[in-house]
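# Chains, contacts and geometry: an overview
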Amino acid sequence: MSAGAGSLATSRPLRPGGTGRARAVRRSAGDYLPPIAVFVLAVVVFEYVLGALGIRSFLIPKPSQIIGALQDNWSSGRFSLFPAAIATLQEALLGLLIGTAAGVLVAFATARWASARSFLLPVAVAANAVPIIAFAPLLNNWFGLLNPVSKALMAAVLVFFPVMANVTRGLVQVEPAALELMRSYAASEWTIVRKVRVPNALPYFFTALKVVTTFSLIGAIVAEYFGGSNTSLGRRIVESASAFKYEITWGAIALAAVTGIVFYLVVVAIERLVIPWAAALRGDS
């Protein structure tokens, strides 16, 4: 009897419900399927509403027309979109790297030295307050109209301030008890930064990064409106709108939106790899 009871006890945890991995997959599916279903339903409704109301395509093209324009102009033709998306993505990535690096460096300086804080913070706030379109002609004049660096620096301007502000907050807003514990062990300032401040700032950093990925694309595309290589999304949007090819214009906008979503999801995946404990604390895992 005791052996049978023991075997029943050991087998009891194997109840229906699957492994933890299977539960995580089902939970992820439950999280993502509703918004996907709502998006598909919205596209279908939009398609039929536009047809029922007889709205002209030059005002708002149907989703089917936008998809058709994407297929017809994907990699060839006057308004080829895929090469343009690659060129804009490269500019956005370069701007993201420059803006993130500058933001992190300024954040460390402002968190470490009060004199640097009193000088750098007003400059950063002033740069963030300037309208983005004011920088585009200046950057094109400084670095050249066709130079992708001028577009990347426009993206970097948008990326810089959110990264700097969030990382500074993460470095400064540390639990006093953690600092007291480290100092009780006679830890050096560098050790405190490495063991306490940087881990505390990482969630803030990735929060900023998830925001500025889309900012970098916006900055690159807006900079392309003011001139640049014809093989870019910004120029494709301007040229197709000027030629009254609005389905291509909407196709380029949709491609930029999808690129931004993919950009965001890549950052989320990197965050889960680098700081999985933060996702667990938020209840995302």
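Scope of this entry: the structure provided in the associated data block. (Residues numbered from 1 in each chain as written. Predicted model: local features only at pLDDT ≥ 70, side-chain atom pairs only at ≥ 80, totals over all residues. Heavy atoms only, no water.)

Another aspect to go through is the overall build of the chain. Scanning the chain from N- to C-terminus turns up 12 helices and 0 strands. Taken from N to C terminus, the helices and strands of the chain fall in the order α-α-α-α-α-α-α-α-α-α-α-α. Taken over 285 residues, the chain has a buried fraction of 34%. Pairs at least 24 apart in sequence give 67% of the contacts found in the chain among residues at least 6 apart. Taken as a whole, the chain presents about 16,800 Å² of accessible surface, with 70% of it coming from carbon and sulfur. (Helix = DSSP H or I, 4+ residues; strand = E, 2+ residues; numbered from the N terminus. Buried < 20%, exposed > 50% of the residue type's maximum accessible area, 1.4 Å probe, protein only. Contact = heavy atoms within 4.5 Å. Areas by Shrake-Rupley, 256 points an atom, 1.4 Å probe, with all protein chains shown as cover.)

So, about the packing of helix α6 (residues 132–143) against helix α7 (residues 148–172). Packing of α6 against α7 brings their axes to within 9 Å, and their N-to-C directions diverge by 145°. Crossing hand, α6 versus α7: right-handed. Taking contact as the criterion, the partners of Ile132, Phe135, Ala136, Leu139, Asn140 and Phe143 in α6 are, on α7, Val149, Ser150, Lys151, Leu153, Met154, Val157 and Leu158. Classifying every residue of the contact of α6 with α7 gives 10 nonpolar, 2 polar and 1 charged. (Axes fitted to C-alpha atoms, helices over the stretch in contact; angles between N-to-C directions. Left-handed = near helix turned anticlockwise from the far one by under 90°. Nonpolar A, V, L, I, M, F, W, Y, C, P; charged D, E, K, R; others polar.)

A few words now on the packing of aromatic side chains. Throughout the structure, instances matching the rule amount to 3 aromatic pairs. With centroids separated by 5.3 Å and ring planes inclined at 75°, the aromatic side chains of Phe205 and Phe206 adopt a geometry described as edge-to-face. Each member of the pair Phe205 and Phe206 is classed as buried. (Phe/Tyr/Trp six-rings, centres within 6.5 Å; stacked < 30°, edge-to-face > 60°.)

Looking at the element boundaries, Leu171 is found in helix α7. Sequence spacing of Leu171 and Ala107 is 64 residues, and the spatial spacing of their C-alpha atoms is 8.0 Å. Aside from chain neighbours lying at most four places away, what touches Leu171 is Ala107, Phe108, Ala111, Arg197, Val198 and Ala201.

Glancing now at the side chain of Arg235. You can see Arg235 is positioned in helix α10 (residues 233–242). With no salt bridge to any partner, buried Arg235 finds its closest opposite charge in Glu239, at an N-O distance of 4.4 Å. (Lys, Arg positive; Asp, Glu negative; His and termini not counted. Salt bridge = Lys/Arg side-chain N within 4 Å of Asp/Glu carboxyl O.)

Within this structure, the stated rule accounts for 2 salt bridges. Put simply, Glu271 and Lys210 hold a salt bridge, and the shortest N to O gap is 3.1 Å. Taken together, the residues Glu271 in helix α11 (residues 246–274) and Lys210 in helix α9 (residues 189–225) connect sequence positions 61 residues apart. Neither residue differs from the other here; Glu271 and Lys210 are each classed as buried.

Turning to the environment of Ala102, a few remarks are in order. Here Ala102 lies in helix α4 (residues 82–112). Sequence separation between Ala102 and Val163 is 61 residues; the distance between their C-alpha atoms is 8.7 Å.

Given 3.6 residues to a turn, an α-helix orients residues that are three or four positions apart in the same direction. In this model α9 runs just 47 Å from its N-terminal to its C-terminal C-alpha over 37 residues, more than 12% under the 54 Å that 1.5 Å per residue would give. Maximal helix bending in α9 amounts to about 40°, located at Arg197; proline Pro199 follows within four positions. In the segment just after α9, Gly227 is the residue with positive phi, at about 125°. (Expected span 1.5 Å × (residues − 1). Bend = angle between axes of the 7 residues up to and from the residue.)

A few words now on the nonpolar core. The biggest cluster of nonpolar side chains holds 18 residues, and the ones touching the most others in it are Leu96, Val163, Val167, Phe205, Phe206, Leu209 and Val212. Looking at this core, the elements with two or more residues in it are α4, α7, α9 and α11. Sequence-distant contacts of Val163, that is, excluding residues within four places in its chain, are made with Thr100, Gly103, Val104, Phe205, Ala208 and Val212. By size, the runner-up hydrophobic cluster in this structure holds 13 residues, among which are Phe79, Ala85, Ala252 and Leu255. (Core = buried A, V, L, I, M, F, W, Y, C linked by side-chain atoms within 4.5 Å.)

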